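Overview (structure and organization)
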Amino acid sequence: MRVAVLADIHGNLSALRATLADLRRRDVDRIIVNGDLVNRGPDSAAVMHELLALDGVTFILGNHDDLLRLWQERSDNLPSDWFTDPFWEATAWNAEQLDRGGLLYVPQDWALTETLHAPGLPDVQVAHGTPDNYREGVSDRTSAERLREVAGLHGVIVGSHIHRPVIHRSGDTLVLNTGGVGVSSDGDPRAAYLLLTATPQGWQPEIIRVDYDRALSLRRFSESGYLATGLSAEVFRQELLTSRSLYTPYWAWTEAQKLPRTDDTWNRFIVQHS
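About the thresholds
Residues numbered from 1 in each chain as written. Predicted model: local features only at pLDDT ≥ 70, side-chain atom pairs only at ≥ 80, totals over all residues. Heavy atoms only, no water. Helix = DSSP H or I, 4+ residues; strand = E, 2+ residues; numbered from the N terminus. Contact = heavy atoms within 4.5 Å. UniProt positions renumbered as here; feature names shortened; annotations may be inferred. Buried < 20%, exposed > 50% of the residue type's maximum accessible area, 1.4 Å probe, protein only. Pairing = 2+ DSSP bridges. Right-handed = clockwise from strand over helix to strand, strands pointing away. Salt bridge = Lys/Arg side-chain N within 4 Å of Asp/Glu carboxyl O. Arc of directions from axis to C-beta. Polar contact = N/O pair within 3.5 Å; in protein donor to acceptor, adjacent residues only side chain to side chain. Axes fitted to C-alpha atoms, helices over the stretch in contact; angles between N-to-C directions.

By the element assignment, T173 lies in strand β8 (residues 173-178). Once residues within four sequence positions are removed from consideration, T173 is found in contact with A151, H154, G155, I157 and H168.

The following block contains the structure:
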C-alpha cells in the first residue's frame, strides 16, 4: 500500500497540479489531504474544486480551512480588532472567494485526524497539527515527552502545518511532517509531500519534491487582484518568492515591539532580518 499525504496547498494551484501529476505517475493507492488547502495564496476556490473532483480522497481539517469560515461569520473565537485591521484584508478576500463559490462550509465535515491501519504494522495517526490543536505543529523540534503524548498508542505520527518536511525517530515513535505543497519554509522552492509505503519491514517514509511553475504562481497574485488587498498578501508573496517563513516572525516581531503591521514596519523588519 502506498499512501500520499499532502498538505498546505494554500491556494497555489500550479503547485497542486504538478503534485497531482506526480502522484498519478507513482500510482498511489490512497491520497490524504492533511489540511490548509486555502488562504495565503490567490486560488483557494480553484484548489478546492480541483481536489473535491477527485475520487476517494480523505480530507483533514486545517487551521486555515477553518479560519475562513470563522472570519466570514465574524466569530467570537477571533479577536474583534482583526475585523477592522487592514492587515487582514487578504484573509477577507479569500473568505469571500470561497463564500461566493459555495465552498466556505465544505471543510466543516472534515475530521481532525485519520488513522491508517495495515496488517502487522503500527497504526499511523495523521493530523494537520495534533489531535488537540490544529495549530500545534509536530517535528524534530518537538520535545520527546510531547511526542509521546501526541502519539499515544500510534507508532507513527504525521503532521503538517510548519511547511518543513521532517523524518525523525523519537524513541519508538516515527515522527513525520509532510512539508507544504503550496509554500515551503526550508529554502527549497519545490512542492513537498509525504509518500508512505507499507512494507514487511515497516512503514517506509519518503519526502517527494516536485518542480512546478512558480513564476505562474507568483503572477497569479497580481492577475487575480489578490495583491491589491494590501500588506499581508505581499508578505505571502514574499514567502513564496523566498521559501522562507516570514509572516509568523513578522507578526511576533510587531507584537513584541508593540508596532502596527504596516508597510513601514514590514520594510524595517526585512532590513533587520535579511
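When the UniProt feature table is mapped onto this chain, "domain: Calcineurin-like phosphoesterase" (unreviewed entry) is found at residues 1-165. Counted over residues 1-165, helix gives 32% and strand 15%. Its end C-alpha atoms are 21 Å apart.

The next point concerns the pairing of strand β6 (residues 156-159). Both faces of β6 are covered, namely the face carrying V156 and V158 and the face carrying I157 and G159. Pairing geometry for strand β5 (residues 124-127) and β6, over 3 bridges, is parallel. In the strand pairing of β6, Q125 is matched with I157. Handedness of the crossover joining β5 and β6 through helix α5 (residues 144-151) is recorded here as right-handed. In terms of strand pairing, β6 meets β8 through 4 bridges, oriented parallel. Residue V158 lies in a different strand from β8, and its bridge partner there is L176.

Another point: the pattern of salt bridges. Scanning the model with the defined rule gives 21 salt bridges in all. Measuring nitrogen to oxygen at the nearest pair gives 2.3 Å for the salt bridge that ties R209 to D186. On the criterion of sequence distance, the pair formed by R209 in strand β10 (residues 202-210) and D186 in the loop between β8 and β9 (191-199) is long-range, its members being 23 residues apart. A salt bridge links R261 to E255; its shortest N-O distance comes to 3.2 Å. Judged by its relative accessible area of 45%, E255 is partly exposed. One salt-bridge network, held together by shared partners, links D43, R219, R220 and E223.

When we look at burial in helix α6 (residues 214-223), the residues that qualify are S217, L218 and F221. End-on view of α6: buried residues confined to an arc of 100°, all on one side of the axis. Measuring from the backbone nitrogen of A215 back to the side-chain oxygen at the start of α6 gives 3.4 Å, which picks out D213 as the cap. Residue G225 follows α6 closely and has a positive phi angle near 90°.

A few words now on the sheet that holds strand β4 (residues 113-116). Read from one edge to the other, the open sheet built from 5 strands follows the order β4-β5-β6-β8-β7, with strand pairing classed as mixed. Of all strands in the sheet, those bounded by a partner on one side alone are β4 and β7 (165-170). Adjacent strand axes in the sheet meet at a mean angle of 15°, parallel and antiparallel pairs treated alike. When β7 meets β8, the two strands line up antiparallel, connected through 6 bridges. Of the residues in β8, the one forming a bridge with P165 is T178.

Quick look at unusual backbone geometry now. Backbone geometry at R40 places phi at a positive 75°, although glycine is not the residue there. Summarising the element assignment, R40 is placed in the loop between β2 (30-33) and α2 (44-52). In this structure R40 comes out as buried when scored by relative accessible area, which is 11%. The phi angle at K258 is positive, at roughly 55°, despite the residue not being glycine.

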